[in-house]
Amino acid sequence: MSAINITNVSVLDNPAPFVSPFQFEISYECLTSLQDDLEWKLVYVGSAEDETYDQTLESVLVGPVNVGNYRFVLQADPPDPSKIREEDIIGVTVLLLTCSYMGQEFLRVGYYVNNDYEDEQLREEPPTKVLLDKVQRNILSDKPRVTKFPINFHPEDEQTPAVAADPPPPTEQSDEQPDDNCGEAQALPDLPSTEQPDERQPDDNCGEAQALPDQPPKPHES
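Anyway, here's the lowdown on the structure attached to this text. (Residues numbered from 1 in each chain as written. Predicted model: local features only at pLDDT ≥ 70, side-chain atom pairs only at ≥ 80, totals over all residues. Heavy atoms only, no water.)

Focus: the overall build of the protein chain
Then step 1. Within the protein chain, the regular secondary structure consists of two helices and ten strands.
Then step 2. The burial tally for the protein chain puts 41% of its 222 residues in the buried class.
Then step 3. Accessible area of the protein chain: about 12100 Å², with a carbon and sulfur share of 45%. (Helix = DSSP H or I, 4+ residues; strand = E, 2+ residues; numbered from the N terminus. Buried < 20%, exposed > 50% of the residue type's maximum accessible area, 1.4 Å probe, protein only. Areas by Shrake-Rupley, 256 points an atom, 1.4 Å probe, with all protein chains shown as cover.)

Structure, rendered in structure tokens:
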């Protein structure tokens, strides 16, 4: 059973101009206290064919992580258009929200993102050079694709075994894909796992957990 359950992810300020910051309100519960912080990342997929164009927009550490319920807003700058090929700016791409503990990724949420001109005439007759200030970003947040990876949340309690066992594979049960509706993401208690969303496409109460105040992210130490 995972020590962390994501209960809701809301995409704020959506749709928005392409040059606007991203904002996600993330709610989660911790079922067992953890010694280390959680690392949250937001990654923009710059090309469906070449992952070298991916951009990590933000990486923050959030903690301490004791038993209870938490909520915070993750804000990230928009992608650097100079690191995206001109032909890949307009169209559909993917945004990945991940969470890791002690270097082990255990959650990945993928969203389709549609970038297009808000003006109908520009959509019908797009200019040769992309007009970034005219491009609107729409995150299709109705049905995010979720992948859960089993990890060891308490390696400090583990004794060294005689023979190391192979780690279990990520759970892959549902292959539901996001549709073209936009809006806030639905609440995500006990989210079903799906195929990993970046194939160039886009737990239960443990007793009475005392609610804790909103948790601000820490700057990530590189």
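Thoughts on the packing of aromatic side chains
Then step 1. On inspection of all chains with the given rule, the structure shows seven aromatic pairs.
Then step 2. When the centroid spacing of 5.9 Å and the interplanar angle of 45° are considered together, the rings of Tyr 28 and Trp 40 count as tilted. Of the two residues, Tyr 28 is situated in strand 3 (residues 22-30) and Trp 40 in strand 4 (residues 38-45); the sequence distance between them amounts to twelve residues. Comparing Tyr 28 with Trp 40 shows no difference in burial state: the two are buried.
Then step 3. On the basis of an interplanar angle of 20° and a centroid distance of 5.3 Å, the ring pair of Tyr 28 and Tyr 70 is categorised as stacked. One end of the pair, Tyr 28, is in strand 3; the other, Tyr 70, is in strand 6 (residues 68-76), and 42 residues separate them in sequence. As far as burial versus exposure is concerned, Tyr 28 and Tyr 70 are alike and both buried.
Then step 4. Aromatic ring contacts, followed pair by pair, group Tyr 28, Trp 40, Tyr 70 and Phe 72 into a single cluster. (Phe/Tyr/Trp six-rings, centres within 6.5 Å; stacked < 30°, edge-to-face > 60°.)

Examining the pairing of strand 5 (residues 55-62)
Then step 1. Most of strand 5 is tucked away: six of the eight residues are buried.
Then step 2. Of the strand pairs in this sheet, strand 4 and strand 5 are connected by seven bridges, and their pairing is antiparallel. Within the sheet, the bridge partner assigned to Val 43 lies in strand 5 and is Thr 56. (Pairing = 2+ DSSP bridges.)

Thoughts on the pattern of salt bridges
Then step 1. Tallying each qualifying case throughout the model produces four salt bridges.
Then step 2. Salt-bridge contacts for Arg 85 lead to Asp 88; the nearest nitrogen and oxygen are separated by 2.9 Å.
Then step 3. With a closest N to O distance of 2.7 Å, Arg 108 and Glu 105 form a salt bridge.
Then step 4. Of the residues examined, Arg 108 reaches a relative accessible area of 12% and is grouped as buried.
Then step 5. Glu 105 sits in the partly exposed class, given a relative accessible area of 24%.
Then step 6. By sharing partners, the salt bridges in this structure join Glu 49, Arg 85, Glu 87 and Asp 88 into a single network. (Salt bridge = Lys/Arg side-chain N within 4 Å of Asp/Glu carboxyl O.)

Points about unusual backbone geometry
Then step 1. The omega torsion across Asn 14 and Pro 15 is 0°, close enough to zero to call that bond cis.
Then step 2. Looking at the element boundaries, Pro 15 is found in the loop between strand 1 (4-12) and strand 2 (16-17).
Then step 3. For the peptide bond that leads from Gly 63 to Pro 64, omega is 0°, which places it in the cis range.
Then step 4. Along the polypeptide, Pro 64 turns up in the loop between strand 5 and strand 6.
Then step 5. Despite not being glycine, Asp 13 has its phi angle at roughly 50°, a positive value.
Then step 6. Mapped onto the fold, Asp 13 is located in the loop between strand 1 and strand 2.
Then step 7. Its identity as a non-glycine residue notwithstanding, Met 102 has a phi of 55°, on the positive side.
Then step 8. With respect to the secondary-structure elements, Met 102 resides in the loop between strand 7 (91-101) and strand 8 (104-117).

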